[in-house]
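# Structural features, examined
One letter stands for each residue in the lines below.
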Amino acid sequence: MVHHAWTASHSAELYGINDWGAGYFSVSDKGEILVTAQGESGPLKISMLDLVKDIKERGMDMPVLVRFENLLAQQIARLNNAFNNAIEQSGYRGKYRGVFPVKVNQQCHVIEEIAQVGAKYGHGLEAGSKPELIIALANLESPEACIVCNGYKDAEFIDLGLQACKMGYRVFFVIETPSELPIILERSRALGIQPLIGIRVKLASMVGGHWNATSGDRSIFGVTIAQLINLVDTLKAEGMLDCLQLLHYHLGSQIPNIRDIRTGVLEACQVYMDLVREGARMGYLDLGGGLAVDYDGSKTNYVHSRNYTLDEYCADIVDVIMTTLDPNEIAHPTIITESGRATVAYSSVLLFNVLDVASFEPGPLPEVISEEEHAMIHNLKELLKTANVRNLQECYNDALFYRDEIRELFKRGQVNLRSRSLSENLFLKVMQRLLVLAEDAPREFSELPRLKEQLSDIYYCNFSLFQSLPDIWAIDQIFPIAPIHRLEERPPPGRP
Ligand SMILES: Cc1ncc(COP(=O)(O)O)c(C=O)c1O
């Protein structure tokens, strides 16, 4: 049996750190997780362990939620640069204006950072309620930045948005239900301020993934195509079709498959073109959220991953819009996306201590098993000698059988507690042996995942799931998890 020397790069592979780390997280030769952030004079690498020491020196203890503002800034820059490159390379004649949905993270330092870094790119905010609109108005300074108001809007919300328009903010009221238009028209007349109107449409395109309830006919938000036509007719009758400038759709968050993204844009482009033909002023196409995060690093269309890069996402969107609009001689719109999770996901890390470990190690075994022990126990001992890379499955089945037989005999009072303990220890010893042999087995051992699970340690960690990671429990959101140091050490068999 060959035991290869273990290095930190093996751990990086084991935990998939380079796959989900997006260039922000890596492992040093010393076996510590590093965070790479853009500093003023170039990239900075910070060891997470040093960070923990620093936090402790300041009198704080784990668990701690660390937010890396630099990573947030970098994500805003990456998103805007990727769209701007796609636009430049393809000769697209519109702009990109991203908006961050405030509901995704309302923490004031997050919003402040996004507004500050985003000013250079005209990156705006999406507001789904009155308080969020107030947040947006308080933070955005760039006249280029858009404020997209989704969600149900009452007269007070609309008055605030209209006054903001008068002050020079670019506030779009996105109509989610037909009942909102009469309020917008009435408030606009009362205040004498022209609104910027958008309409959120329900597309027929469905997406795969965890959050696909926001796509298709039965999606909760947005108007149907029939309602859209009625809204256009009302605006025409009021002489206000000029105010309709934005088409919005949101197919769902975390869209793992690029094909679904292309299909959605294609359908939206058809709607957009017909709105232009109807006489609406248009100019903005808002694709909502959906840009996925590769949480498991698999780069596939698995629900917690994505089968595309950021550059592909941007290039595909620009490409579909151009190839659909150009033959119809429709001007290229400003592209808006409402990326939430992809903007903030990398910037916060929960650090917590492992307090204790329950490991499934066999206890000490006697050199010789007494003749008086049950035959099944002798059989288990024998497996330790006979197991080899070719009979893994057979040994696995036998070991389970012998152990379960002893458990049955124990229940019936036919073997005592010490014998049962001996059999459990022998069983674990056999499992560990099989795990080591499986590494060099000529054929894949199908029970390996189960075996690893059976032998894996249980870690007792000091943090509150409900305070720190409720998404795992409530909405099946997964997050990458890894030790932040000792990654140059080989994990014992069965771990992690
Ligand atoms: C209207 C709207 N825009 C944007 C988002 C953010 O989506 P994501 O986090 O996938 O970018 C959401 C969230 O579901 C949403 O409902």
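Reading guide: rules and limits
Every chain is numbered independently, its residues counted from 1 as its sequence is written. In keeping with the predicted nature of the model, local features appear solely for residues at pLDDT of at least 70, side-chain atom pairs appear and are counted solely at 80 or more, and the whole-chain, interface and lining totals rest on all residues. Only hydrogens and water are set aside when side-chain values are computed; all heavy atoms of the structure are taken into account. Axis lines are fitted to C-alpha atoms, over the contacting stretch for helices. Their N-to-C directions set the angle, which ranges from 0 to 180 degrees. Each helix is a run of H or I in the DSSP string that is no shorter than four residues. Each strand is a run of E no shorter than two, and both are numbered from the N terminus. With respect to orientation, any angle under 35 degrees is reported as roughly parallel, any angle over 145 as roughly antiparallel, any angle of 65 to 115 as roughly perpendicular, and every other angle as oblique. Two helices cross in a left-handed way if the nearer one is turned anticlockwise from the farther one by less than a right angle. They cross in a right-handed way if the turn is clockwise. By definition, residues are in contact when any of their heavy atoms lie within 4.5 Å. Two strands pair under a simple rule: DSSP has to find at least two bridges between them. Cavities and pockets are found on a 1 Å grid laid over the protein atoms alone: a cavity is a set of points where a 1.4 Å probe fits but cannot escape, a pocket is an open set with protein on both sides within 12 Å along at least five of seven lines, and a lining residue has an atom within 4 Å of such a point. Grid points are joined across faces, edges and corners, and a volume is the space filled by probe spheres set on the points. Three categories are distinguished: nonpolar for Ala, Val, Leu, Ile, Met, Phe, Trp, Tyr, Cys and Pro, charged for Asp, Glu, Lys and Arg, and polar for the others, with Gly belonging to the last. Whenever a carboxyl oxygen of Asp or Glu lies within 4 Å of a side-chain nitrogen of Lys or Arg, that contact is scored as a salt bridge. Burial classes follow relative accessibility: with a 1.4 Å probe on protein chains only, a residue under 20% of its type's maximum area counts as buried, one over 50% as exposed, and anything between as partly exposed. In this text, buried Ala, Val, Leu, Ile, Met, Phe, Trp, Tyr and Cys residues form a nonpolar core when linked through side-chain atoms within 4.5 Å. Each domain's extent is set by a domain assignment, obtained either automatically or from a database. Candidates for patches are residues over 30% relative accessible area with no salt bridge; among them, like charges are joined within 9 Å and nonpolar side chains (Val, Leu, Ile, Met, Phe, Trp, Tyr) within 5 Å. For accessible areas, the Shrake-Rupley method is used with a probe of radius 1.4 Å. Any residue's cover is judged against the shown protein chains and nothing else.

### Focus: the packing of helix α4 (residues 69-90) against helix α11 (residues 310-325)
Between α4 and α11, the least distance of the axes is 9 Å, while the angle of their chain directions is 40°. Viewed along their axes, α4 and α11 adopt a mutual orientation that is oblique. Pair α4 / α11 crosses with right-handed handedness. Side by side, α4 and α11 meet where Arg-78, Leu-79, Ala-82, Phe-83, Ala-86, Ile-87 and Ser-90 of the first sit next to Leu-310, Asp-311, Tyr-313, Cys-314, Ala-315, Ile-317, Val-318 and Met-322 of the second.

### Looking at the sheet that holds strand β1 (residues 25-27)
Pairing is antiparallel in the open sheet, where 3 strands are placed in the order β1-β2-β3. Edge positions in the open sheet fall to β1 and β3 (42-47), since each of these has one partner strand only. With strand direction ignored, the average angle separating the axes of adjacent strands in the sheet is 35°. Direction of pairing for β1 relative to strand β2 (residues 33-39): antiparallel, over a ladder of 3 bridges. If you follow Ser-26 over to β2, its bridge partner there is Leu-34.

### Some details on empty space enclosed by the protein
Following the criterion strictly, the structure yields 3 cavities of 30 Å³ or more and no others. Its boundaries defined by the atoms lining it, the largest cavity holds a volume of some 80 Å³. Every residue lining the largest cavity is listed: Tyr-249, Leu-251, Ile-255, Ile-261, Gly-264, Leu-287, Gly-289, Gly-290, Leu-291, Tyr-313 and Ile-317. Breaking the lining of the largest cavity down by element, the ones donating at least two residues are α10 (258-278) and α11. Its residues assigned to classes, the lining of the largest cavity comprises 8 nonpolar, 3 polar and no charged.

### Some remarks on unusual backbone geometry
The omega torsion across Met-62 and Pro-63 is 0°, close enough to zero to call that bond cis. With respect to the helices and strands, Pro-63 occurs in the loop between α3 (48-57) and β4 (64-67). One non-glycine residue, Lys-299, lies in the positive phi region at around 55°. With respect to the helices and strands, Lys-299 occurs in the loop between β11 (284-286) and α11. One non-glycine residue, Arg-486, adopts positive backbone phi at about 60°. On the secondary structure map, Arg-486 appears in the segment after α18 (470-475).

### Observations concerning the pattern of salt bridges
Within this structure, the stated rule accounts for 25 salt bridges. Between Arg-58 and Asp-54 there is a salt bridge, with the nearest N and O atoms lying 3.1 Å from each other. Owing to a relative accessible area of 62%, Arg-58 belongs among the exposed residues under this scheme. Exposure remark for Asp-54: the relative accessible area of 33% places this residue in the partly exposed category. Notably, a salt bridge pairs Glu-180 with Lys-153, separated by 3.2 Å at the nearest N-O pair. Residue Glu-180 is found in helix α8 (residues 180-191), and its partner Lys-153 is found in the loop between β7 (146-149) and α7 (155-166); the two are separated by 27 residues along the sequence. The same class applies to Glu-180 and to Lys-153, which are both buried. By sharing partners, the salt bridges in this structure join Lys-95, Arg-97 and Glu-144 into a single network.

### Points about the sheet that holds β7
Picture the strands of a sheet paired through backbone hydrogen bonds; they go either parallel or antiparallel. The strand order β5-β6-β7-β8-β9-β10-β11-β12 describes an open sheet built from 8 strands, whose pairing is parallel. Two strands lie at the open edges of the sheet, namely β5 (99-101) and β12 (334-336), each paired on one side alone. Direction aside, neighbouring strands of the sheet carry axes that sit 25° apart on average. As judged from the 3 bridges shared by β5 and strand β6 (residues 124-127), these two strands associate in the parallel manner. From the neighbouring strand, Val-99 faces β6, where its bridge partner is Gly-124.

### Some words on the packing of α10 against α11
In the contact formed by α10 and α11, the axes pass within 9 Å of each other and the chain directions differ by 35°. Helix-helix and strand crossings are classified by hand; for α10 and α11 the assignment is right-handed. Note on element contacts: α11 touches α10 through Glu-312, Tyr-313, Asp-316, Ile-317, Asp-319, Val-320, Ile-321, Thr-324 and Leu-325, opposite Ile-258, Ile-261, Arg-262, Val-265, Leu-266, Cys-269, Gln-270, Tyr-272 and Met-273. For the contact of α10 with α11, the class distribution of residues is 12 nonpolar, 2 polar and 4 charged.

### Examining the nonpolar core
Judged by nonpolar contacts, the single largest core of 116 residues is most densely connected at Phe-25, Met-48 and Leu-244. Considering every element that reaches this core, the biggest residue donor is α4, with 10 residues. When we break this core down by domain, the ones giving at least three residues each are domain 1 (1-63 + 463-496) and domain 2 (69-348). Formed by 30 residues, the second largest nonpolar core is a distinct cluster that contains Tyr-402, Val-415, Ala-438 and Leu-455.

### Some details on a nonpolar patch on the surface
A contiguous nonpolar surface patch, about 390 Å² in accessible area, is contributed by Leu-355, Phe-360, Ile-458 and Tyr-460. Tracing the backbone through its elements, the reader meets Ile-458 in strand β15 (residues 458-461).

### Quick look at the domain arrangement of the protein
As assigned here, the protein comprises domain 1 (1-63 + 463-496), domain 2 (69-348) and domain 3 (375-455). The C-alpha centroid of domain 3 is placed 34 Å from the C-alpha centroid of domain 1.

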